[in-house]
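# Fold and contact review
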Amino acid sequence: MNRKQLGRRIREEREKCGLTQHELADKLQWKSHATVVALESGDRELKAFELFQLSNILHMNVNDLYSESKTSPLVLWRKKPKAQRKLLERRFSLRSEEMNFLETILKDKLPQLRPLPRKELDLRTADLFWANELADSIRRELDLGSLPAATLFPRLEEEFGVRMFSESMGKDGSAACCYFSFGPAIFLNRDEVPWRQVFSIAHELFHLITWNPTLVEKVENSAALHRKNEALADAFAAGLLLPEDLLRRDVRTVEEAGKLSHSGLIFLARKYGVSTTAVLLRLRYLHYLSSDQLDQILNDQTFHALDKKSFGKAFDGTPAFGARFLRLAYRAYQAAKISRARLARLLETTLIDLPDFLSTHGFPEVGHEEFAISSP
Amino acid sequence: MKNLPLVLLDANVIIEAFRRNVWKSLSDKYQLFVPCTVLEEEVFYFQSKQGKEGISLTPAIEAGKLKELSALDAELQAFHSLLHPHFHLSIDPGEKEALALLLSKRCKDHLFCTADGKAIQALAILSRSEQGLSFEKLVKDKVPSLPHYLSEKWFRQQLQRGVEERHLWKLGG
């Protein structure tokens, strides 16, 4: 690839990221955007170091800069972040590809995963009742048990190979998902509290189960369809995380003469690992509350203050990746299938901090001492 | 002035040389080189018993004992064209730049001291095993409690693995 062709590729990828030449120059800490102009028109030679910086900013591998442009995968957002959406999508895509790479190089050594169930969604006929029925059947199929919030993340990651990543998205973004050519992935907002994230995983699971590229495209182009699809995903998530029979039983234990206290509500929310709002929405669906009552509680400032107070102050954000990603990266490194510096980068740490990082997560660096095992 | 052996260093090796307090002796024994990416992105501090201590390469650079080398895009592309794309995903930018430099004409007489299994394998895949050097061999003196990835034994194992897996990773060239 000559300088002009490379310049063209850089321009294509910059535009896909939604960055202007000025913004790219700023990110590269270049004094003037004229350097980016020269670069993109092939008038300036790039050093390897600059190319690595560029690929880092554009969230792509240098390999991909040296090949033809690829179509960006469709990413479905629960609530689109106002800023840097395209960059976040590329980050999500790159992290998922990295996971796929680890799975590929360790392929012979990994157990077979189960395919995620798939259901057809007809947005003209589907309603909340259908979404609830689907949640019940999926909870059984995934064997999520009586407290689904506790088992959902590991079950999806470990048994179904759903790639899980999180990124700081501030108050704007919530969660996204995509069915990549190599499999499903979920992207969470690291800044959200754990129970909000669990709800997001259940919500995104609905989209993955009903994923159909034609449908996703339609939904992305119609506000009404998007609203309906999101409402179904919310109903599915509430149904999945708050099983009807168990919730009814628990409501009986916390109600006092037909009344539910704020503390009772918090008790239910923490037990099921969801927000108090999710419990209220579920109670409405199960006819414990009327729409007016629900609106009244949701608009009550005292309730809101209470809900905020219950957000764990000690919460330090979700890890950037799931346990399976860490395990595969460690295994690939110990088998000398990836370099030490590559491992550090995949785990978002530095070479010097790598030993501590690994030890903290229970994965010390070891040599290649082996011992024999028998075949029972 | 005596011609010192020319040695290109990776980040692990620099960090370890500071940690074990052998940096000065290395810069006296060899003419050292560092890829620009390693210098700019990877070697800022090391972990000592007292905690994190900064790595300052400026004195060695000013004394001419350490030189920064920057690979050009064309050199990086030439390196990229020789290995399977998956291989490139398994190594980091600092190692890529070092290997691209090593394959260029200007570094044909340089040795490459690295502690990364995958980079060592790359040397063998690219038939450049003789340009590889382990940290243990670089330091020459007996160093106590070396982690496995700095040992000569590990280095040899990785070269052997590169030879065995050459058919999987080598493209054209």
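Here the residue numbers are simple positions, counted from 1 along each chain's written sequence. As a convention, the first chain written is A and the first ligand written is 1, with the rest following in written order. At least 70 in pLDDT is required for a residue's local features to be given in this predicted model, at least 80 for side-chain atom pairs to be given and counted, and no such filter applies to totals for whole chains, interfaces and linings, which use all residues. Excluded from the side-chain calculation are hydrogens and water; included are all heavy atoms of the structure.

A few words on the overall build of chain B. Helix and strand definitions here come from DSSP, where helices need a minimum of 4 consecutive H or I residues and strands a minimum of 2 consecutive E residues; each element is numbered from the N-terminal end. Within chain B, the secondary structure is distributed over 11 helices and seven strands. Restricting the calculation to C-alpha atoms gives the radius of gyration, and the globule rule supplies 2.2 Å times the number of residues raised to the power 0.38. Expected size for 173 residues packed as a compact globule is a radius of gyration near 16 Å; at 16 Å, chain B falls within 12% of this value. Taken over the C-alpha atoms alone, chain B extends approximately 45 × 35 × 35 Å along its principal axes. Every one of the 173 residues in chain B was classed for burial, and the buried ones make up 60%. In what follows, a contact means two residues having at least one pair of non-hydrogen atoms within 4.5 Å. Pairs at least 24 apart in sequence give 71% of the contacts found in chain B among residues at least 6 apart. Each accessible area is a Shrake-Rupley estimate made with a 1.4 Å probe; only the visible protein chains count as cover when residues are assessed. Within the structure as shown, chain B displays about 7600 Å² of accessible surface, and the carbon and sulfur contribution to it stands at 54%. Summary of the burial criterion: residues with accessible area below 20% of their type's maximum are buried, those above 50% are exposed, and those between are partly exposed, where the area comes from a 1.4 Å probe applied to protein chains only.

Helix and strand counts for chain A come out as 19 helices and four strands. With respect to the principal axes defined by its C-alpha atoms, chain A has extents near 75 × 60 × 40 Å. For chain A, restricting intrachain contacts to residue pairs at least 6 apart in sequence, the fraction spanning at least 24 positions comes to 68%. Counting every atom, chain A has about 18400 Å² of accessible surface; 51% of that belongs to carbon and sulfur. The charged-residue count follows a simple rule in which Lys and Arg add positive charge and Asp and Glu add negative charge, with His and chain termini not counted at all. Charge positions come from single atoms, namely NZ of Lys, CZ of Arg, CG of Asp or CD of Glu. Each charge class in chain A can be summarised by its mean position, and for the 55 positive and 51 negative side chains these summaries are 2 Å apart.

What follows covers the sheet that holds strand β1 (residues 76-77) of chain A. All names here are of chain A. Pairing between strands is defined by DSSP: at least two bridges between the two strands are required. Judged by pairing direction, the sheet is mixed, and its four strands sit side by side in the order β1-β3-β4-β2 without closing on themselves. Lying at the two open borders of the sheet, with one neighbouring strand each, are β1 and β2 (163-167). Relative to strand β3 (residues 175-180), β1 runs antiparallel, the two being bridged by two bridges. Bridge pairing links Trp77 to Ala176 in β3. For helices, the fitted axis covers only the stretch in contact; all axes are lines through C-alpha atoms, and the angles between them, taken along N-to-C directions, range from 0 to 180 degrees. Of the strands in this sheet, β1, β2, β3 and β4 (183-189) touch helix α9 (residues 194-209), which is tilted by about 150° from β4.

All names here are of chain A. Any two rings among Phe, Tyr and Trp, with Trp reduced to its six-membered ring, count as a pair given centres within 6.5 Å; such a pair is stacked if its planes are under 30 degrees apart, edge-to-face if over 60, and tilted if neither. Across all of its chains, the model carries 11 aromatic pairs over all chains by this definition. With centroids separated by 6.3 Å and ring planes inclined at 85°, the aromatic side chains of Trp130 and Phe206 adopt a geometry described as edge-to-face. With a gap of 76 residues between them, Trp130 in helix α7 (residues 128-141) and Phe206 in helix α9 connect regions that are remote in the sequence. Judged by its relative accessible area of 0%, Phe206 is buried. Between Phe165 and Phe325 the ring centres are 5.4 Å apart and the planes differ by 80°, which places this aromatic pair in the edge-to-face class. Taken together, the positions of Phe165 in strand β2 and Phe325 in helix α17 (residues 323-334) put the pair 160 residues apart, joining distant regions of the chain. Taken individually, Phe165 and Phe325 each receive the classification buried, so the pair is uniform in this respect. Counting every residue linked through ring pairs, the aromatic cluster contains Trp77, Phe92, Phe180, Phe182 and Phe187. Only when the NZ atom of a Lys or the CZ atom of an Arg is both within 6 Å of the ring centre and within 35 degrees of the ring normal do we say a charge sits over the ring. We note Arg44 situated over the ring of Trp30; from NZ or CZ to the ring centre the distance is 5.0 Å. Looking at Arg118, its charged tip hangs above the ring of Tyr179, at a distance of 4.0 Å from the centre.

With that settled, the discussion passes to the side chain of B:Glu16. Along the chain, the position of B:Glu16 falls in helix α1 (residues 11-19). Ignoring any residue separated from it by four or fewer positions in sequence, one finds B:Glu16 in contact with B:Phe135, B:Pro147 and B:Leu150.

To continue, consider the state of the cysteines. Only a pair of cysteine sulfur atoms within 2.5 Å counts as a disulfide in this structure description. Applying the stated criterion across every chain, the model contains zero disulfides over all chains. A:Cys177 forms no disulfide, and the closest cysteine sulfur to it belongs to A:Cys178, at a distance of 7.3 Å. For A:Cys177, a relative accessible area of 0% gives the class buried. Cysteine B:Cys113 is unpaired, with the sulfur of B:Cys107 as its nearest cysteine sulfur at 15 Å. The class of B:Cys113 is buried, set by a relative accessible area of 0%.

Residues and elements named next belong to chain A. When cut into domains, chain A gives domain 1 (3-65), domain 2 (76-240), domain 3 (244-309) and domain 4 (339-376). Of note, the centres of domain 2 and domain 3, computed from C-alpha atoms alone, are 25 Å apart. Contacts between the two partners involve 11 residues from domain 2 and, on the opposite side, 10 residues from domain 3. Counting the surface lost from both domain 2 and domain 3, the interface buries some 990 Å², and carbon and sulfur atoms represent 62% of this. Together, Asn132, Leu147 and Trp195 form the three largest contributors to the area buried by domain 2 at its contact with domain 3, with a combined 44%. Basic side-chain nitrogens of Lys or Arg form a salt bridge, by our definition, when they fall within 4 Å of a carboxyl oxygen of Asp or Glu. Where domain 2 touches domain 3, the interface holds zero salt bridges. As a working rule, the residues Ala, Val, Leu, Ile, Met, Phe, Trp, Tyr, Cys and Pro are called nonpolar, Asp, Glu, Lys and Arg charged, and the rest polar, with Gly in that last group. Considered class by class, the residues forming the side of domain 2 that touches domain 3 number eight nonpolar, three polar and no charged. Boundaries between domains were set according to an automatic or database domain assignment. Summed over both partners, buried area is the accessible surface (1.4 Å probe) that two parts give up on being assembled.

Residue and element names in this part refer to chain A. As enumerated under the stated definition, the model contains 39 salt bridges over all chains in all. The partner of Arg91 in a salt bridge is Glu348, with the nearest N and O atoms 2.5 Å apart. One end of the pair, Arg91, is in helix α6 (residues 85-105); the other, Glu348, is in the loop between α18 (340-346) and α19 (354-360), and 257 residues separate them in sequence. Overall, the relative accessible area of 35% leaves Glu348 in the partly exposed class. Of the charged contacts in the structure, one is a salt bridge between Glu103 and Arg163, with a shortest N-O distance of 2.7 Å. Here the residue Glu103 occupies a position in helix α6, and Arg163 occupies one in strand β2, the gap between them amounting to 60 residues.

As a rule of thumb, nonpolar side chains are buried together in soluble globular proteins. Only buried residues count toward a nonpolar core, which is a set of Ala, Val, Leu, Ile, Met, Phe, Trp, Tyr and Cys residues joined through side-chain atoms within 4.5 Å. One finds A:Leu205, A:Phe236, A:Leu347, B:Ile14 and B:Trp23 to be the most contacted residues of the largest nonpolar core, which totals 180 residues. Setting aside residues no more than four positions away along its own chain, A:Leu347 makes contact with A:Phe321, A:Phe325, A:Leu326, A:Ala329, A:Leu354, A:Phe357 and A:Leu358.

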